[in-house]
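# Chains, contacts and geometry: an overview
Each chain is listed here by its residues.
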Amino acid sequence: MRRRHPDLPQLWLVSDARTDRVLDAAIRALPRGSGVIFRHFHLPPVERAARFAGVQRLCRRHRHLAVLAGSAGQARRAGAVAAYGAPATLSRGPALVRLMTAHSHAEIAAAQRVRADAILLSPVFPTRSHPGARTLGALRFRLLAARAPVPVIALGGMNLRAAKRLRGFAWAAIDGLNPKDS
């Protein structure tokens, strides 16, 4: 039986250095109640913290969930209610919502061991981020998602058209929600 988190969004924006210049516009364009996973590892720590604080304010204004990529402790110190990262970074620290990426059944099991609240299963389809990388495809995605004990969020090559192919699943995108690409 999957644990249900009714407060987890069905649509997620994942940020990175490539999307920084359009991030605020993308957040404003999201439907109310979406999620934003803030990575921005390219920024020095002080700048990253300041940028995340601004993203949090914008997310609160639009009723989005702001998630900090990093350890549970880092997320808590930044005032985030959720953290996104690898099992090793989220296995300790204060209790909060924990999101992890998985690419295989073994990684889904690792996420389960550290009590992930949701898994971003990736890459579903070809992406601009990792051109030529092996993808799961819709069928393998569904098979892996069926074995996950927690909600699964599709990531990798996701946009509105791809999401329709995976009807019933939450989804996340980096480029696929960029207002300049719409």
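Scope of this entry: the structure provided in the associated data block. (Residues numbered from 1 in each chain as written. Predicted model: local features only at pLDDT ≥ 70, side-chain atom pairs only at ≥ 80, totals over all residues. Heavy atoms only, no water.)

## Regarding the pattern of salt bridges
Tallied over the entire structure, the rule returns 4 salt bridges. Two residues, Arg18 and Asp16, come together in a salt bridge whose shortest N-O distance is 2.7 Å. Using a relative accessible area of 11% as the deciding quantity, one classes Asp16 as buried. Salt-bridge contacts for Arg51 lead to Asp20; the nearest nitrogen and oxygen are separated by 2.9 Å. Of this pair, Arg51 sits in helix α2 (residues 45-61) while Asp20 sits in the loop between β1 (11-14) and α1 (23-29), and the two are 31 residues apart along the sequence. A relative accessible area of 23% places Asp20 in the partly exposed class. Look at the salt bridges and you will find they share partners, linking Asp16, Arg18 and Arg39 into a network. (Salt bridge = Lys/Arg side-chain N within 4 Å of Asp/Glu carboxyl O. Buried < 20%, exposed > 50% of the residue type's maximum accessible area, 1.4 Å probe, protein only. Helix = DSSP H or I, 4+ residues; strand = E, 2+ residues; numbered from the N terminus.)

## Some words on the sheet that holds strand β2 (residues 35-38)
The strand order around the closed barrel built from 8 strands is β1-β2-β3-β4-β5-β6-β7-β8, with neighbouring strands paired in parallel fashion. Sheet twist, expressed as the average angle between the axes of neighbouring strands with direction ignored, equals 25°. When strand β7 (residues 152-155) meets strand β8 (residues 170-173), the two strands line up parallel, connected through 3 bridges. Opposite Ile153, over in β8, you have Ala170 as the bridge partner. In this fold α2 packs onto β2 and β3 (65-69), with an angle of close to 160° to the strand it touches most, β3. Contacts between helix α5 (residues 105-113) and the sheet are confined to β5 (97-102) and β6 (118-121), with β5 contributing the most and set at about 165° to the helix. (Pairing = 2+ DSSP bridges. Axes fitted to C-alpha atoms, helices over the stretch in contact; angles between N-to-C directions. Contact = heavy atoms within 4.5 Å.)

## Remarks on helix α6 (residues 137-147)
Side chains that are three or four residues apart share a direction in an α-helix, a result of its 3.6 residues per turn. Among the residues of α6, those classed as buried are Phe141, Leu144 and Ala145. Down the axis of α6, the smallest arc covering the buried residues is 100°, so these residues share one side. Turned more than 90 degrees off the buried face of α6, the exposed positions are Leu139, Leu143, Ala146 and Arg147. Contacts from the buried residues of α6 go to α5, β6 and β7. (Arc of directions from axis to C-beta.)

## A word on unusual backbone geometry
Leave glycine aside and you will find that most residues have negative phi; peptide bonds, for their part, are mostly trans. Cis peptide bonds are those with omega within 30 degrees of zero, and the linkage from Ser122 to Pro123 qualifies with -15°. Tracing the backbone through its elements, the reader meets Pro123 in the loop between β6 and α6. Although it is not a glycine, Arg63 sits at a positive phi angle of roughly 60°. Within the secondary structure, Arg63 is located in the loop between α2 and β3. Residue classification places Arg63 among the exposed positions, given a relative accessible area of 62%. Residues other than glycine seldom take positive phi values, yet Arg115 does so here, at roughly 60°. Mapped onto the elements of the fold, Arg115 is located in the loop between α5 and β6. You can call Arg115 exposed: its relative accessible area is 59%.

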